[in-house]
Amino acid sequence: MHAINDRLIQLALLVLIFGGWQFGVTAGLIDPFFFPAPLDILKQIVAWIINPGFYKHVSITLSETVLGYVIGTALGVGAGVWLGLSRRTARILDPFIKTLNAIPRVVLAPIFVLWLGLGLWSKVALAVTLVFFVTFFNAMQGVREVNPVVLSNARVLGANRSALLRHVYFPAAASWILSSLRTSVGFAVVGAIIGEYLGSSAGLGYLISQAEGNFDAAGVFAGITVLAIFVLIIDSILDVVENRLITWRPKEGERPA
Amino acid sequence: MSVLARSVPPVSVERRPDPAKPMVEIADVTMAFGDFVAVENVNLNVGDGEFLTVVGPTGCGKSTILNAVAGLLKPAKGTVSIDGQRVTGTGGDIGYLFQQDALLPWKTALENVELGLMFRGVGAAERRAQAMDWLAKVGLAGFEGRYPQQLSGGQRKRVQMAQALITRPKVILMDEPFSALDIHTRHLMQNELLALWQEDRRAVVMITHDLEEAIALGDRVVVLAAGPRSRVIDSFEVDLSRPRDVAEIKLDTRFMELYRNIWASLRGEVEKSYARNK
Ligand SMILES: Nc1ncnc2c1ncn2[C@@H]1O[C@H](COP(=O)(O)OP(=O)(O)O)[C@@H](O)[C@H]1O
Ligand SMILES: [Mg+2]
């Protein structure tokens, strides 16, 4: 009952915000040059959706996001587990890692364009630099926080190093890594979009920058909306994946007193 | 069937341990953490089939000694041997029942019990069958699909027991295994442990801070001095007949006499330890 009421309230809020906005624009209270009418934004989105050329842009941004995400995550998990296990290496590399992580990623975009050109890979590289550190720090933390008693138990039971990795370290780090996967999806999108925005010939970031060049605010807002939906879809896919992977986490109310 | 599974004797065949044969030899062992010497020059032998219990004040180094036998810690001096083989690391033929929850939380009860066999390369079907048997043995048939968080404290301890014993290790180490359980569950589990042990009669080293438990379960009780630089100060044979019932045996006059004698020895160390750590 509560759930239905909550949904109704959410719907009412939505109507209120966009209705008010639309009304403000028609009544001349809001300048559509800065805040285009919601209906105009919707029109632009619909125009894109029925235009086959639009999906080329979506698929390019999607490819950059997925590639940046997968590569960055793989490198982050690998490096994080490695440095989590080897404290000495972690100590030695610590200042280098901190320095690299301190660089604002946006300034790397021109360098990646120089190295990799205006195509897909310069955007992937930017996304990787953003995703890597999130996953890396989480994986390292996850490995370090392994319960020492559980670790001792596995060793006494006869686990060798690779068995320890597979049966203790990775599963223990998995919930940390998974929580970082959620955060880093956003970063992957940001990397791809900024890369496109700063120099490209295709992708959602390119669409937004084109609209901006034409002082087409409705286009910019439409681009932002499409991006938000894009991230929401990826996020809900991760939800499913997470529930599949971590079956062992106690569900609420299932824990014995 | 795998090599290991074949070398494990079936339960029905009575094992006849030779108490004269030392199964665990702790020779002149000193354990240190940096400059802190926890135990010094400990000498202790456990015969085949002997149930040894170790008591001593909190923090005197009981767990440290056990970890040395398990190969988890290296002695600063001296050697530990199991069945004549020097211990140099983990993976030896021992079972270890930890004081804390030590199950892998991301594995079900069944997967946890299987681990020892899996790490020794026993095939999936074979180890599954044995693990199911062991879960039934500790009274947890039907719980094989549960994760540790879905089990009570007593049930988790039972799973740990099955996990530690499934490989039928030559030596069983236990570190205050039942200290976190309520008194009734503790009595039940102590009796179950005795019944399981009676089947196979492996060498056992059990640490406890509960002197009643030490006498009720052990063939011999060893008293450690207050730390640091703890050592063995006394050893008492427990000449009570087996099989025993841990709740009933506490009313036996011989039990009470042993309790008085050992407590006379332990009491001074507990008081020393208390005064030092106040
Ligand atoms: N990893 C460690 N580092 C430093 N000191 C330790 C460590 N483990 C144990 N100790 C110290 O060694 C002594 C013995 O500890 P422990 O064997 O756990 O005692 P017990 O099991 O008898 O209660 C204690 O004083 C404890 O503080
Ligand atoms: Mg202890």
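Here is what the cut-offs are and how they apply
Residues numbered from 1 in each chain as written. Chains lettered and ligands numbered in written order. Predicted model: local features only at pLDDT ≥ 70, side-chain atom pairs only at ≥ 80, totals over all residues. Heavy atoms only, no water. UniProt positions renumbered as here; feature names shortened; annotations may be inferred. Helix = DSSP H or I, 4+ residues; strand = E, 2+ residues; numbered from the N terminus. Rg over C-alpha atoms; globule rule 2.2 N^0.38 Å. Buried < 20%, exposed > 50% of the residue type's maximum accessible area, 1.4 Å probe, protein only. Contact = heavy atoms within 4.5 Å. Near = heavy atom within 4 Å. Polar contact = N/O pair within 3.5 Å; in protein donor to acceptor, adjacent residues only side chain to side chain. Nonpolar A, V, L, I, M, F, W, Y, C, P; charged D, E, K, R; others polar. Patch = residues over 30% accessible without salt bridge, like charges linked within 9 Å, V, L, I, M, F, W, Y side chains within 5 Å. Areas by Shrake-Rupley, 256 points an atom, 1.4 Å probe, with all protein chains shown as cover. Salt bridge = Lys/Arg side-chain N within 4 Å of Asp/Glu carboxyl O. Buried area = accessible area lost by both parts, 1.4 Å probe. Pairing = 2+ DSSP bridges. Right-handed = clockwise from strand over helix to strand, strands pointing away. Axes fitted to C-alpha atoms, helices over the stretch in contact; angles between N-to-C directions. 1 Å grid on protein atoms, 1.4 Å probe; cavity = no way out; pocket = protein on both sides within 12 Å on 5 of 7 lines; lining within 4 Å. Points joined across faces, edges and corners; volume = space filled by probe spheres on them.

The name recorded for chain B in an unreviewed UniProt entry is ABC transporter ATP-binding protein, from Paracoccus caeni. What UniProt states about chain B under its Sequence similarities (unreviewed entry) heading is, verbatim, "Belongs to the ABC transporter superfamily."

Per an unreviewed UniProt entry, the recorded name for chain A is ABC transporter permease, and the organism is Paracoccus caeni. Here chain A is described in UniProt, under the heading Sequence similarities (unreviewed entry), as follows: "Belongs to the binding-protein-dependent transport system permease family." Under the heading Subcellular location (unreviewed entry), UniProt records this for chain A: "Cell membrane".

To continue, consider the overall build of chain A. In terms of regular secondary structure, chain A is built from 10 helices and zero strands. The order of helices and strands in chain A, counted from the N terminus, is α-α-α-α-α-α-α-α-α-α. In terms of overall dimensions, chain A is more spread out than a globule: its C-alpha atoms have a radius of gyration of 23 Å, far above the 18 Å expected for 257 residues. Across its three principal directions, the C-alpha atoms of chain A cover 75 × 60 × 30 Å. Taking all 257 residues of chain A together, the buried fraction comes to 41%. Here the contacts in chain A between residues at least 6 apart in sequence split such that 75% fall between residues at least 24 apart.

So, about the site of ligand 1. Residue and element names in this part refer to chain B. Taken together, Phe-33, Phe-36, Ala-38, Thr-58, Gly-59, Cys-60, Gly-61, Lys-62, Ser-63 and Thr-64 form the complete shell of residues around ligand 1. Within the backbone of Cys-60, a nitrogen or oxygen atom sits 3.3 Å from an oxygen atom of ligand 1. The backbone of Lys-62 places a nitrogen or oxygen atom 2.8 Å from an oxygen atom of ligand 1. In terms of residue count, the dominant contributor to the shell around ligand 1 is helix α2 (residues 62-70) (three residues). Here the residues of the shell around ligand 1 sort into four nonpolar, five polar and one charged.

In this section: a nonpolar patch on the surface. Taken together, the side chains of Ile9(A), Leu11(A), Leu13(A), Leu14(A), Val15(A), Leu16(A), Ile17(A) and Phe18(A) present a nonpolar region at the surface, about 820 Å² in accessible area. By the secondary structure assignment, Ile17(A) is in helix α1 (residues 2-26).

As a further point, take the interface of chain B and chain A. The partner chain A presents 22 residues to the 27 residues of chain B that form the contact. Counting the surface chain B buries against chain A, the share from its top three residues, Trp106(B), Phe119(B) and Gln149(B), is 34%. Seen at the junction of chain B and chain A, the total is zero salt bridges. Connecting chain B to chain A are five residue pairs in polar contact (both at pLDDT 80 or more). Among the elements of the structure, β6 (94-97) and α3 (109-119) of chain B are those that each provide at least two residues to the side of chain B that touches chain A. Looking at the side of chain B that touches chain A, the element that brings in the most residues is α3(B), giving four residues. A per-class count over the side of chain B that touches chain A returns 15 nonpolar, nine polar and three charged.

What follows deals with the pairing of strand β7 (residues 171-175) of chain B. Residues and elements named next belong to chain B. Burial analysis of β7 places five of its five residues in the buried class, the great majority of the element. Judged by which residues are buried, β7 turns out to be covered on both faces: Val-171, Leu-173 and Asp-175 on one side and Ile-172 and Met-174 on the other are all buried. Relative to β7, β6 runs parallel, the two being bridged by four bridges. Following the sheet pairing, Leu-97 is matched in β7 by Met-174. In terms of strand pairing, β7 meets strand β8 (residues 203-207) through five bridges, oriented parallel. When the sheet's bridge partners are listed, Ile-172 is paired in β8 with Val-204. Since β7 and β8 lie parallel, the crossover through helix α6 (residues 183-200) that links them has a hand, and here it is right-handed.

Moving on to the sheet that holds strand β9 (residues 220-224) of chain B. All names here are of chain B. Judged by pairing direction, the sheet is mixed, and its six strands sit side by side in the order β6-β7-β8-β3-β9-β10 without closing on themselves. Each end of this open sheet is capped by a strand with a single partner; those strands are β6 and β10 (232-237). On average, adjacent strands in this sheet sit at an angle of 15 degrees to one another, irrespective of strand direction. With respect to the sheet, α2 is in contact with β3 (51-55), β6, β7, β8 and β9, its orientation differing from that of β7 by roughly 150 degrees. In the packing of α6 onto the sheet, contacts are made with β3, β7 and β8, and the angle to β3 comes to roughly 140 degrees.

Further remarks concern empty space enclosed by the protein. One simple way to see leftover space: roll a probe sized like a water molecule over the atoms. Residue and element names in this part refer to chain B. Under the criterion given, the structure shown has two cavities of 30 Å³ or more. Considering only enclosed or pocket space, the largest cavity measures out at about 150 Å³ in volume. When residues of the lining of the largest cavity are traced back to their parent elements, those giving at least two are α5 (153-165), β7 and α6. Counting residues per element, the lining of the largest cavity draws most heavily on α6, which supplies four residues. Considered as a void within the structure, the second largest cavity measures approximately 60 Å³ in volume. Lining the second largest cavity, in full, are Leu-44, Val-54, Lys-62, Ile-65, Leu-66, Val-69, Val-205, Ile-207 and Leu-224. At the level of elements, α2 and β8 are the ones that each hand at least two residues to the lining of the second largest cavity. If you tally residues by element for the lining of the second largest cavity, the top one is α2, at four residues. Tallied by class, residues from the lining of the second largest cavity come to eight nonpolar, no polar and one charged.

To continue, consider the pattern of salt bridges. Residues and elements named next belong to chain B. For the structure shown, the criterion picks out 22 salt bridges over all chains. As a salt-bridge pair, Glu-40 and Arg-229 come within 2.7 Å of each other at their nearest N and O atoms. Placement of the pair is Glu-40 in strand β2 (residues 36-47) and Arg-229 in the loop between β9 and β10, with a sequence separation of 189 residues. You can call Glu-40 partly exposed: its relative accessible area is 27%.

Now for the UniProt feature "transmembrane region" (unreviewed entry) in chain A. Residues annotated by UniProt as "transmembrane region" (unreviewed entry) correspond here to residues 66-85, 106-139, 185-208 and 220-241 of chain A. Spanning residues 106-139 of chain A, this segment combines 85% helix with 0% strand, and its end C-alpha atoms are found 24 Å apart.

Turning our attention to the sheet that holds β2(B). All names here are of chain B. Strand order in the open sheet made by the four strands is β2-β1-β4-β5, with antiparallel pairing throughout. Sheet topology places β2 and β5 (85-86) at the edges, where each strand pairs with a single neighbour. As paired strands, strand β4 (residues 77-82) and β5 are joined by two bridges and run antiparallel to one another. Note on β5: the bridge partner recorded for Ser-81 is Arg-86. Along the sheet face, α2 touches β1 (22-33), β2 and β4 and points at about 120 degrees away from the line of β1.

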